[in-house]
Amino acid sequence: MIKIEDSRLRKIVKTNIKFSNWARTFECIPELYFEPENDDDIIKIIKLAKQYNKNVRAIGVGHSPSDVACTEGIMINMEKLNNIIEIDVEKKTVVVEAGARIDILNECLWKHGLALRNLGSISNLSISGAISTSTHGTGINFGNLSSQIIGLTLLTASKGIINCSANENEDVFKASLCSMGALGIILKVQIQCESAFKLESNQYPMKLNDILNDLDSIIYSAEHVRFWWFPHTENCVIWKADRTTGDLKIQQPSYFKDHIVSYHLYQFLLYITRYFPSTVPLLTTLMFNYKFSQPKQVINASYKQFNFDCLFPHYTNEWAIPLEKTKEALEKLYKWINDNDVFVHFPVEVRFVDKDDIWLSPAYNRKVCYIGIVMYRPYKKPVPYKRYWAAFEEIMRSCDGRAHWAKAHTMTAAELEKSYPKYKGFIELQKSLDPNGMFLNLYLKRHLFGIGDKDYFKAKL
Ligand SMILES: Cc1cc2nc3c(=O)[nH]c(=O)nc-3n(C[C@H](O)[C@H](O)[C@H](O)COP(=O)(O)OP(=O)(O)OC[C@H]3O[C@@H](n4cnc5c(N)ncnc54)[C@H](O)[C@@H]3O)c2cc1C
């Protein structure tokens, strides 16, 4: 039992808090749940954790679709460390506290004539949570969000506060830019932005075969390219976006189409397919014809273009494979879905990301194609997904894939060591910055160190 003597810590602690991730697929009850308001609070929490030998986890918004943010020790909610500390319009840089939300940052940057280079599908994420799992968007010459960071302040267990960048403590910098909380608590980051820009996006239907047969030119045909494949059919919808100085061209959202049909009716019909799974392909075709079969052009602020509505909670799995394996992987997945008695939801999402030099980034040293799959949970009800997951992961492994760190996956420590040239360096650094394993939760022990992995994978995935 932890006894908190510090009056400040008593003020910011809560107990009996159940943490659940966004999709309600993972949860935990930490022994203590802190809501710090400044760095001193966090330093005191770490001191307390050391005294009682407790595991510590910082959380952002809790969007990760795995147990990467879970702990039964001490949880630190970074939500109140959300200040935008300094914006340098000349250098186009911004310094923010780690819990700053990207959607709020986007609005603030826009007012100063600045923007982030690239974003993922949603922006209601904390900056530290997003970079800790190597969150990415799409664009073959655009790296993940971590690659936009130029400086970082880390509170470690053994060496106190470390400031790092490409010029200072470079190893710590390259390791902590995608570290899932394993090296310590990120307190602040400095981000390289660019001048605010608009994007012209064009979305239109294509057949899967036509995309795969012309893949190389399609990937490079715009600054940002992604496509969704609708499994059980040949249908895809492709989305391309380029910078533009053209006038805004915004399609007003239709409450009926976007909300009543595409959200509520779709969720209800997915619920029905739980009892009649063979109707999934029909529902997929209906949704494609209704919502995605017509071309659509939009010109809007960049940060409003990158994001889209991810609907309701789902199971998800996503891996990054070398770019040149894209066609092979999708053909294998197409064959497996068609040859087996399975009914899977759309979309299979395909995105492209530039290589980087961040030690545990799935795009370390290679341009990658990210392939993501989903199974929706209508009204948060379970749906069968494990067979699909197992086949998908086997295909990703056969294509030299690396799993997305935020998502529940079965990549083992041995596989990580083989796939990531800097895996050993990361483990050594982790041990030197955190000799007692204060920052290792079950997820990290399982994947980074192979502790308890086999039983977990058998039971959960
Ligand atoms: C609807 C939806 C859409 C998504 N779209 C995309 C997408 O387009 N692209 C993509 O790549 N991912 C996507 N994701 C995954 C998401 O980007 C990641 O899960 C991201 O990590 C979530 O950020 P968060 O603030 O919720 O972090 P959390 O889930 O709270 O935490 C993630 C990790 O970061 C660690 N962490 C958080 N703050 C700190 C800190 N200050 N110091 C040290 N460690 C810290 C946590 O301990 C944990 O290990 C999506 C997820 C959802 C639910």
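Residues numbered from 1 in each chain as written. Predicted model: local features only at pLDDT ≥ 70, side-chain atom pairs only at ≥ 80, totals over all residues.

Looking up the chain in an unreviewed UniProt entry gives the name D-arabinono-1,4-lactone oxidase, with the organism given as Funneliformis caledonium.

A. Highlighting helix α3 (residues 102–111). Of all the residues in α3, the buried ones are I102, L105, N106 and L109. The arc that holds every buried residue of α3, seen down its axis, measures 105°, which confines them to one face. Facing away from the buried side of α3, by more than 90 degrees, are the exposed residues E107 and K111. Where α3 is buried, its residues contact β7 (84–88), β8 (93–97), β9 (114–115), α4 (127–132) and α10 (302–306). (Buried ≥ 20, exposed ≤ 12 C-beta atoms within 10 Å, placed from the backbone. Helix = DSSP H or I, 4+ residues; strand = E, 2+ residues; numbered from the N terminus. Arc of directions from axis to C-beta. Contact = placed C-beta atoms within 7 Å.)

B. Region of the structure containing the pairing of strand β11 (residues 161–165). In this sheet, β11 lies alongside strand β10 (residues 149–155) in antiparallel orientation, the contact comprising 5 bridges. Along β11, the bridge assignment pairs L154 with I162. Hairpin connection from β10 to β11: 5 residues lie between these consecutive antiparallel strands, with G160 at a positive phi of about 65°. (Pairing = 2+ DSSP bridges.)

C. View of the site of the ligand. The environment of the ligand is made up of 32 residues, and the closest members are G60, G120, G129, S132 and A406. Secondary structure elements with two or more residues in the shell around the ligand: β5 (56–59), α4 and β12 (185–192). Per-element tally for the shell around the ligand: the top contributor is α4, with 4 residues. Summarising the domain contributions, the shell around the ligand has at least three residues from each of domain 1 (7–79) and domain 2 (80–196). (Near = placed C-beta within 6 Å. Domains from an automatic or database assignment.)

D. The packing of helix α11 (residues 326–339) against helix α12 (residues 386–398), seen in detail. Where α11 contacts α12, the two axes come as close as 10 Å, and the packing angle between them is 155°. As judged from the angle between their axes, α11 and α12 are roughly antiparallel. Judged by the twist between their axes, the crossing of α11 over α12 is right-handed. When α11 is examined against α12, the residues A329, K332, L333 and W336 are found in contact with a partner set consisting of A391, F392, I395 and M396. Class assignment for the residues of the contact of α11 with α12 results in 7 nonpolar, no polar and 1 charged. (Axes fitted to C-alpha atoms, helices over the stretch in contact; angles between N-to-C directions. Parallel < 35°, antiparallel > 145°, perpendicular 65-115°, else oblique. Left-handed = near helix turned anticlockwise from the far one by under 90°. Nonpolar A, V, L, I, M, F, W, Y, C, P; charged D, E, K, R; others polar.)

E. A look at unusual backbone geometry. For the peptide bond that leads from F346 to P347, omega is 0°, which places it in the cis range. Of note, P347 is situated in the loop between α11 and β19 (348–353). Backbone geometry at L311 places phi at a positive 60°, although glycine is not the residue there. Relative to the elements of secondary structure, L311 occurs in the loop between α10 and β18 (314–322). Despite not being glycine, N365 shows a phi value in the positive range, around 65°. Counting through the fold element by element, N365 comes out in the loop between β19 and β20 (368–376).

F. Local environment of the sheet that holds β5. Reading across the sheet, the 4 strands line up as β1-β4-β6-β5 and stay open at both edges, with mixed pairing between neighbours. In the strand order of this sheet, the two ends are held by β1 (13–14) and β5, each with one partner. With 4 bridges joining them, β5 and strand β6 (residues 74–77) adopt parallel strand pairing. Paired with I59 across the bridge in β6 is N77.

G. Expanded view of the nonpolar core. By size, the foremost hydrophobic cluster in this structure holds 124 residues, and its most contacted members are I76, I127, V189 and I321. At 7 residues, the largest contribution of residues to this core is made by β20. With residues up to four places along the chain from it excluded, the contact list for I321 reads T326, A329, V368, C369, I371, M396, C399, D400 and G401. (Core = buried A, V, L, I, M, F, W, Y, C linked by C-beta atoms within 7 Å.)

H. Main features of the sheet that holds β12. Spatially, the 5 strands line up as an open sheet ordered β7-β8-β12-β10-β11, and their pairing is antiparallel. If you trace the sheet from one side to the other, it starts and ends with β7 and β11, each paired once. Averaged over all adjacent pairs, the angle separating strand axes in this sheet is 10°, with direction ignored. Here β8 pairs with β12 via 5 bridges, running antiparallel. Along β12, the bridge assignment pairs V95 with Q190.

I. Examining the domain arrangement of the chain more closely. Splitting the chain by domain gives domain 1 (7–79), domain 2 (80–196) and domain 3 (198–403). Look at where the C-alpha atoms of domain 1 and domain 2 centre, and you get two points 21 Å apart. On the side of domain 2, 17 residues touch domain 1, which itself brings 17 residues to the contact. Where the side of domain 1 that touches domain 2 is concerned, the elements lending two or more residues are α2 (39–52) and β5. Take the side of domain 1 that touches domain 2: its biggest share by element is 4 residues, from α2. Residue composition of the side of domain 1 that touches domain 2, by class: 9 nonpolar, 3 polar and 5 charged.

J. Quick peek at helix α9 (residues 280–292). If you check α9, its first and last C-alpha atoms are 17 Å apart, about what 13 residues at 1.5 Å a residue would give, namely 18 Å. Each element contacted by the buried residues of α9 is listed here: α8 (255–273). (Expected span 1.5 Å × (residues − 1).)

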